[in-house]
Amino acid sequence: MVDQRETPAGSDPVEGPEQHREQPSTEYLSADQKVIHSYAQKKGLSSDVLEALGCTVKNVRIARFNSDGKPVKPWEGPALLRPLFDTAGNHCGYEQILAESICRSPDDKPNDKFATKGAKVAGTFTPIGFDIKDLPRLEGRLIVCAGLADGHRLHEATELPVACGLGEAIIPGNIALIHEMNPGLRLIAAVDNDKAGIRAGKRAGTSWTCPQSAKDWSDVYQSADAEAVLAEFQNGMTTPEPPEGQPRPLPDDMPPVLPLDPDNLPAALRDFVCDVAGRQQCPPDYVAVAALVAISGVLGNKIKIRPKQNDDWTITPNLWGAMIGGPSAMKSPAMKAALSPVYAIERENQEVFETELAEYKAESELAEIQSKAAKDKAKAEVKKGNQNAAMDALRASVEEPVKPTRPRIIVNDSTVAKLGELLNENASGLLLVRDEIAGWLAQMRGEDGQADRAFYLECFDGCGQYIFDRIGRGTLLITSTTLAIIGGIQPSKIAPLIRGAVRGSDDDGLIQRFQLAVFPDRIKAWHWSDRPPNRQAYSTYAQAFRKFSEMEADETPRQFSPGAQEMFIEWMKEIQTKARSGELHPVMESHLMKMPKTVAALALIFELVDGTGDQVGEVATGKALDFADYLQSHAERLYSVATHGAVTGARLLIDRRDKLSDPFTLREVQRKAWAGLTEKAQIRDTLDLLLDYGHLREIESLPSVAGGRPSIQYRWIREG
């Protein structure tokens, strides 16, 4: 499990080498070095590795309390203990890793890592690959990190010594203390790819690195191998921040995104997603989103969910997703792999359809022969003057057989009228797949595409009807507009659509309906990989699709269990407050307001894949809420095309600063009419950013003797 805590749970925040708060009622019941701890199993740490690191396994009892502070039944179970030392070589206690996350009181957050009684946390670590007594004499490089599994995998991949502490927040302090002990060591901070880790890396004051394909180094190893850890360790290397007073590097044009946590996926999908991403060396985000949208398309409207206990608000779990990345980001291979079970079902349906069609043709021929015979017999009876017998002969003729329709799941390129017919033939819904959805979106931007656009907007809800009235085709009633959509798109192609939504020209919520839009960081590291696909993972994955394909429609909507209902209510309060705060850009507000459908749909799908399906439980709902946080970070990056334009403008000004006076004014920049720097508000935002990052200093000139207001000028700060 990734340790995202800045200090272990149950402790006071520490910035220096203070004592960790005691865990007062921890009892050590027995010691058993042969116990295989669940953490070690999950992280793939052998008993030999743990023994070499000085780790032991003990059964412990930890006191717990109710909201009144009264003791309740304690937690009991095995704990993995790893030793902690300070830079002087003193033993300072242990980190104890429990077999599961617990809350010591109702107000605590769940946690599985605690320090033992009297342990020091700040300034302590587990030495890996070196003896703590040799620290003052070490030469070369030393990695400073947090997390036992991360430390071991970093040492295994790089063969460098590692000082492995507790929590990302103490990494900068540990670096300072180690540097004080041994100034000649070249220290490297290896942090997690999350907010706490990146903050620690920036504060480290030395070179730092973080993984690119996962949240932590152990996950990189488990999804690939030690070579991948080494490659990402090297490729993620970042130089330390320059000293104050010097220009600092500008932030990325786009805000950071949360990496995909595979634990937030249903178990039946998780291993397959990780296997494909590892073999293809593509972001797992693409595989995961394509898989979720695809399985929502197969499920369609067969089972729905009512997020409220009494209200009739009903949600169809069809999802819209977009994989955003450059032309070589491996979007198409990821989507092709994720959709492979759907294509298999389509092939089987086609074979069944061809058999039924052949049978239909034979029955039609027979019906035609029998009909002709009946007519001939009726004619003969008429000639005899036997009208009743003639009528009986015609009534006995065989009815025309019903022509079979081909069951469909996937559509690629269809007019909306034909799509409507296909939806009527496949009442549970369809999945629109486009390798590049840019063309599909472009078709709906002009006046000629407005009717199509209106139809697709209706398809997002998945539970409505739509009527086409055309002179040539007459009236077409589409009784169920359930459509899931998945496709890839390049950032440059989606940027105009985002700007259109921001400026109001395309502000009808179409872009915001792509709730599962992911825009992951590009994987820079590459290593040779040649391993067979995980057949068991694929079999389990494909079975989930087959289960949904064969499922009969159920008119009874599912609902949340009592605990899950409370979780959803609490999340709804938070998201509605955030969306209505007035602090967000309108496009982001619109996106958040559509997220309740997404969360409810994901929770239902997760429950149907992994759970009983009778009620949507807490596990499925918790995963859906965590997945929503992940999706929200990607939405922020998506809309940064409009909301983070100052960074692009700042880079442009730096590139063209020799074309400006020194000092220069805002008006001078505006007169240049450079792209993205034509309006005063845009230029002001850009100049403020350059001031914040030390590239400019502001000069206020006094008014002239003729009067007027003071003018603001700007002067570049040169490096060095």
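Quick caveat: nothing in here was measured; it's all calculated off a predicted structure.

### Let's talk about the sheet that holds strand E12 (residues 320–324)
Pairing within the open sheet is parallel, and its five strands lie in the order E13-E14-E17-E12-E18. Edge positions in the sheet fall to strand E13 (410–411) and strand E18 (516–518), since each has one partner strand and no second. Looking at chain direction, E12 and E18 are connected through three bridges and run parallel. In the sheet register, Gly 321 faces E18, and the bridge partner there is Leu 516. Helix H15 (residues 450–461) rests against E12, strand E14 (430–436) and strand E17 (483–489) of the sheet, and its axis sits at about 110 degrees to E12.

### Remarks on empty space enclosed by the protein
The full count for this structure, using the stated rule, is four cavities of 30 Å³ or more. Around the largest cavity sit 15 residues that line it, and Gln 212, Pro 259, Asp 285, Pro 520 and Asp 521 are the ones nearest its centre. Classifying every residue of the lining of the largest cavity gives nine nonpolar, four polar and two charged.

### Comments concerning the packing of aromatic side chains
In total, this model carries 17 aromatic pairs according to the counting rule given. Consider the rings of Phe 272 and Tyr 538, whose centres lie 5.9 Å apart with planes at 55 degrees: the pair is tilted. Separated by 266 residues along the polypeptide, Phe 272 in helix H8 (residues 267–280) and Tyr 538 in helix H17 (residues 535–550) bring together distant segments of the chain. Given the relative accessible area of 30%, Tyr 538 is considered partly exposed. Measuring from centroid to centroid gives 5.2 Å for Phe 455 and Tyr 466, while their planes differ by 70 degrees, and the two rings are edge-to-face. With Phe 455 in helix H15 and Tyr 466 in strand E15 (residues 466–470), this pair connects stretches of sequence that are 11 residues apart. By relative accessible area, Tyr 466 is classed as buried at 19%. An aromatic cluster of three or more residues is present, and its members are Trp 320, Trp 440, Phe 455, Tyr 456, Phe 460, Tyr 466 and Phe 514. Taking NZ or CZ as reference, Arg 657 lies 5.6 Å from the ring centre of Trp 716, over its face.

### Regarding the sheet that holds strand E6 (residues 126–128)
Taken in spatial order, the five strands make up an open sheet running E6-E8-E7-E9-E10, and their pairing is mixed. Edge positions in the sheet fall to E6 and strand E10 (207–209), since each has one partner strand and no second. Recorded for the sheet is a direction-independent mean angle of 25 degrees between the axes of neighbouring strands. Sheet topology places strand E9 (residues 186–190) next to E10; three bridges connect them, and they run parallel. For Ile 188, the partnering residue across the bridge sits in E10 and is Ser 207.

### Here's the deal with unusual backbone geometry
Look at the link from Asp 662 to Pro 663: it is a cis peptide, with omega at 5 degrees. Examined against the element boundaries, Pro 663 turns out to sit in the loop between helix H23 (645–655) and helix H24 (666–672). At Gln 281, a residue that is not glycine, the phi angle is positive and equals roughly 55 degrees. You can see Gln 281 is positioned in the loop between H8 and helix H9 (284–299). Relative accessible area serves as the criterion here: at 14%, Gln 281 is assigned to the buried category. With a phi angle near 55 degrees, Ala 673 is a residue other than glycine that sits in the positive phi range. Tracing the backbone through its elements, the reader meets Ala 673 in the loop between H24 and helix H25 (680–692).

### Some points on the confidence of the model for the protein chain
Across the protein chain, the average pLDDT comes to 85, with 90% of residues at 70 or higher. Note that residues 702–710 has pLDDT below 50 and, in this model, five contacts with residues that lie over four places away or in other chains.

### Regarding the packing of helix H13 (residues 416–425) against H15
Between H13 and H15, the shortest axis-to-axis distance is 11 Å and the interhelical angle comes to 25 degrees. Relative to H15, H13 is oriented roughly parallel. Facing H13, whose interface residues are Val 416, Leu 419 and Leu 423, H15 presents Asp 452, Phe 455 and Tyr 456. Counted by class, the contact of H13 with H15 contains five nonpolar, no polar and one charged residues.

### Let's talk about the pairing of strand E3 (residues 71–85)
Relative to E3, strand E2 (residues 56–65) runs antiparallel, the two sharing nine bridges. Bridge assignment links Arg 64 to a residue of E3, and that residue is Val 72. The antiparallel pairing of E2 with E3 creates a hairpin that spans five residues between the two strands, and Gly 69 there sits at a positive phi of about 85 degrees. When E3 meets strand E4 (residues 91–102), the two strands line up antiparallel, connected through seven bridges. Residue Leu 84 lies in a different strand from E4, and its bridge partner there is Gly 93. In this antiparallel pair of consecutive strands, E3 and E4, the connection spans five residues, and Gly 89 shows a positive phi of 90 degrees.

Rules behind the numbers
Residues numbered from 1 in each chain as written. Predicted model: local features only at pLDDT ≥ 70, side-chain atom pairs only at ≥ 80, totals over all residues. Heavy atoms only, no water. Pairing = 2+ DSSP bridges. Helix = DSSP H or I, 4+ residues; strand = E, 2+ residues; numbered from the N terminus. Contact = heavy atoms within 4.5 Å. Axes fitted to C-alpha atoms, helices over the stretch in contact; angles between N-to-C directions. 1 Å grid on protein atoms, 1.4 Å probe; cavity = no way out; pocket = protein on both sides within 12 Å on 5 of 7 lines; lining within 4 Å. Points joined across faces, edges and corners; volume = space filled by probe spheres on them. Nonpolar A, V, L, I, M, F, W, Y, C, P; charged D, E, K, R; others polar. Phe/Tyr/Trp six-rings, centres within 6.5 Å; stacked < 30°, edge-to-face > 60°. Buried < 20%, exposed > 50% of the residue type's maximum accessible area, 1.4 Å probe, protein only. Lys NZ or Arg CZ within 6 Å of the ring centre and 35° of its normal. pLDDT = per-residue confidence, 0-100. Parallel < 35°, antiparallel > 145°, perpendicular 65-115°, else oblique.

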